[in-house]
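Topology and contacts: notes
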Amino acid sequence: MTFELPKLPYELDALEPVISKRTLEFHHGKHHQAYVTNLNNLIKGTEFENASLETIVTKSEGGIFNNAAQVWNHTFYFFQFSPNGKHAPEGALAEAIVRDFGSFDAFKEQFTKAAATLFGSGWAWLSKDAQGKLVISQESNAGTPLKHSLTPIFTCDVWEHAYYLDKQNARPAYIDDFWKIVDWSVIEKRF
Ligand code: MN
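This is a predicted model, so every value here is computed, not measured.

1. Digging into the overall build of the protein
Of the regular secondary structure elements, the protein holds eight helices and three strands. When the elements of the protein are put in sequence order from the N terminus, they spell out α-α-α-α-α-β-β-β-α-α-α. A globule of 191 residues ought to have a C-alpha radius of gyration of about 16 Å, and the protein, at 16 Å, matches this closely. Referenced to the eigenvectors of the C-alpha coordinate spread, the extents of the protein come out at roughly 50 × 40 × 30 Å. By residue count, 50% of the 191 residues in the protein fall in the buried class. Look at the contacts in the protein between residues 6 or more apart in sequence, and 68% of them connect residues 24 or more apart.

Written out as structure tokens, the structure is:
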């Protein structure tokens, strides 16, 4: 199948000042788009030509995996934001966070540390395992919990292209700000 760049569920300037319009123009309009274009070119004539994106991510390796996973990861990342979202989880997700991390603040601290200390390009993740336990993980480059039979719930893109135009090299400042635009109603549905 031919994959398409998903349209963002908000205007390009909606996440300012946390994530600028200029960053989204590049991050969504150029980087995310390039992964979609590369993937469509790479799967032509292969066993993945008619596969779903999730199947390609879990079954492929090399260049096809890198581009497929980056398409999936970016869509997952961009769709968890809102300029006026819910600022903290409630219900079953809130209970699971307290159960597995002690408190929402303790969870944020551990997740922030995972995102800040990931060396080089990659993603910090919150996922659910087969028993329903929440786990935080670091993945380099296009890495995704989908490869490890985990259910992703939430992510932070720490590739420099996610923050360099707004924060230059200050990844911790980007992560601190990032919490302000997360819409926890989206994350609750994923859980
Ligand atoms: Mn990115």
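2. Notes on the sheet that holds strand 2 (residues 134-140)
Sheet architecture is open: three strands sit in the order 2-1-3, paired in antiparallel fashion. Bordering the open sheet on either side are strand 2 and strand 3 (151-157), each of which pairs with just one other strand. Each strand of the sheet is rotated relative to its neighbour by a mean of 25°, with strand direction disregarded. Bridge count for strand 1 (residues 122-128) against strand 2 is seven bridges, and the pairing is antiparallel. Bridged to Trp-125 within strand 2 is Ser-137. Against the sheet, helix 4 (residues 91-101) engages strand 1 and strand 2, with an angle of about 80° to strand 2.

3. Remarks on the domain arrangement of the protein
Per the domain assignment, the segments making up the protein are domain 1 (21-78) and domain 2 (91-190). Here domain 1 and domain 2 have C-alpha centroids that lie 20 Å from each other. Taken residue by residue, the interface counts 20 residues in domain 1 and 22 residues in domain 2. Between domain 1 and domain 2 lies a buried interface of about 1,700 Å² when both sides are counted; carbon and sulfur atoms form 65% of it.

4. Quick notes on the coordination of the manganese ion
Of the protein atoms, only His-27 (NE2), His-74 (NE2), Asp-157 (OD) and His-161 (NE2) coordinate the manganese ion, at distances of 1.9 to 2.1 Å. Site description for the manganese ion: donor spacing in sequence, H-x46-H-x82-D-x3-H. On the basis of relative accessible area, His-161 is assigned to the buried category, the value being 17%.

5. What about the pattern of salt bridges?
Applying the stated rule across the entire model yields six salt bridges. A salt bridge links Lys-86 to Glu-90; the shortest N-O distance between them is 2.7 Å. Here Lys-86 falls in the partly exposed class, since its relative accessible area comes to 23%. Looking at Glu-90, the relative accessible area reads 52%, which means it is exposed. Salt-bridge contacts for Asp-177 lead to Lys-167; the nearest nitrogen and oxygen are separated by 2.7 Å. One end of the pair, Asp-177, is in helix 7 (residues 171-178); the other, Lys-167, is in helix 6 (residues 164-167), with 10 residues separating them in the sequence. Side by side, Asp-177 and Lys-167 carry an identical accessibility label, which is buried. Residues joined in a network through salt bridges with shared partners are Lys-86, Glu-90 and Glu-188.

Cut-offs applied
Residues numbered from 1 in each chain as written. Predicted model: local features only at pLDDT ≥ 70, side-chain atom pairs only at ≥ 80, totals over all residues. Heavy atoms only, no water. Helix = DSSP H or I, 4+ residues; strand = E, 2+ residues; numbered from the N terminus. Rg over C-alpha atoms; globule rule 2.2 N^0.38 Å. Buried < 20%, exposed > 50% of the residue type's maximum accessible area, 1.4 Å probe, protein only. Contact = heavy atoms within 4.5 Å. Pairing = 2+ DSSP bridges. Axes fitted to C-alpha atoms, helices over the stretch in contact; angles between N-to-C directions. Domains from an automatic or database assignment. Buried area = accessible area lost by both parts, 1.4 Å probe. Donors = N, O, S within 2.8 Å, 3.2 Å for Na, K, Ca; no water. Salt bridge = Lys/Arg side-chain N within 4 Å of Asp/Glu carboxyl O.

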